[in-house]
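One-letter residues, chain by chain:
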Amino acid sequence: MRTLLILFSLTVMSLAASAQEKLGVIKHNHLALQVKDLPVSTKFYSEILGLERIEVPDNLKAIRSWFKIGPDQQIHLMAGRTTPVYNDRNGSHFAVFVESIDKAEAFLKSKNLPYHSQVRFDGVKQIYVPDPDGYQIELNEWKEPTK
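Each chain carries its own residue numbering, running from 1 in the direction its sequence is written. Confidence filtering applies because this is a predicted model: local features only for residues at pLDDT of at least 70, side-chain atom pairs given and counted only at 80 or more, and all residues used for totals across whole chains, interfaces and linings. The side-chain values count all of the structure's non-hydrogen atoms but skip hydrogen atoms and water molecules.

For the protein, an unreviewed UniProt entry supplies the name Glyoxalase and the organism Siphonobacter curvatus.

Now the structure itself:
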């Protein structure tokens, strides 16, 4: 009996320790990017990426721009960056889905924006476009998941 009680206690303590070893992240909320020129970056994210603006509290309007990027995901731009952003083609980036990669590429060409196009290892075409600060944004064509 005592052995069973010890085993039970050890199991409970082990489960409790395992639960405490995790943060419990549920999903992504927002990405925050510090930018050099808030009006220029705001224009890029709204007019080039076509993201919907989110109202910013009055006390933050001069130093923040927020955008909806999914049902409950956001990008927050924050004024104040004073150092250059360094990214090479294989460096830091974030990725978004577009309706059509060909239409996205034609749009970038029509705006004379620089970008890099490549085919991923699985045959998917990707486009990388820098924002005004040099943050790389990866564009991928949305495909319905196969069941």
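Still more ground to cover, so stick around.
> So what's going on with the overall build of the protein? Residues and values would help.
Secondary structure elements are defined from DSSP: runs of H or I of at least 4 residues count as helices, runs of E of at least 2 residues count as strands, and each element is numbered from the N terminus. Of regular secondary structure, the protein possesses 3 helices and 8 strands. Each residue gets one of three labels from its accessible area relative to the maximum for its type: buried under 20%, exposed over 50%, partly exposed in between, using a 1.4 Å probe on protein chains only. Taken over 147 residues, the protein has a buried fraction of 27%. The criterion used for residue contact is that any of the two residues' heavy atoms lie within 4.5 Å. Long-range contacts, defined as pairs at least 24 residues apart, comprise 52% of the intrachain contacts of the protein with a sequence gap of at least 6. Note that accessible areas follow from Shrake-Rupley with a 1.4 Å probe, and for residues the cover is restricted to the protein chains shown. Just so you have it, the protein exposes about 10800 Å², and 57% of that area is on carbon and sulfur atoms.

> Which residues make up the side chain of arginine 81, and what values do they have?
Positionally, arginine 81 belongs in the loop between strand S4 (73–79) and strand S5 (93–98). Each polar contact in these results corresponds to two N or O atoms within 3.5 Å; when the atoms are within protein, one needs to be able to donate a hydrogen and the other to accept it, and residues that are neighboring in sequence are counted only if both atoms are side-chain atoms. Of the polar contacts made by the side chain of arginine 81, one reaches the side chain of aspartate 133; its length is 2.2 Å. Contacts of arginine 81, omitting those with residues within four sequence positions, involve Gln34, Val35, Lys36, Asp133 and Tyr135.

> A description of the environment of isoleucine 127 should follow, citing residues and the corresponding values.
Within the secondary structure, isoleucine 127 sits in strand S7 (residues 125–130). For the pair isoleucine 127 and tyrosine 115, spaced 12 residues apart in sequence, the C-alpha to C-alpha distance is 6.7 Å. Every residue in contact with isoleucine 127, bar those within four places of it in the chain, is listed here: Ile101, Glu105, Leu108, Tyr115, His116, Ser117, Ile137, Glu138 and Leu139.

> I'd like a rundown of the nonpolar core, residues and numbers included.
The nonpolar side chains of soluble globular proteins are, as a tendency, buried together. The definition of a nonpolar core used throughout is a set of buried Ala, Val, Leu, Ile, Met, Phe, Trp, Tyr and Cys residues joined through side-chain atoms within 4.5 Å. Counting 20 residues, the largest nonpolar core has Leu33, Tyr45, Ile75, Leu77, Phe94, Ile137 and Leu139 as the members making the most contacts within it. The domain limits used here are those given by an automatic or database domain assignment. Two domains each provide a minimum of three residues to this core, namely domain 1 (29–83) and domain 2 (85–146). Sequence-distant contacts of leucine 33, defined by excluding residues within four places in its chain, comprise Tyr45, His76, Leu77, Met78, Phe94 and Tyr135.

> Any details on the confidence of the model for the protein? Residues and values, ideally.
Predicted coordinates in regions of low pLDDT should not be interpreted in detail. Values of pLDDT, the confidence the predictor places in each residue, fall between 0 and 100. Per-residue pLDDT for the protein has a mean of 86; in total, 84% of the residues score no lower than 70. Contacts of residues 1–13 to residues separated by more than four positions or lying in other chains number 0 contacts, the stretch itself having pLDDT below 50.

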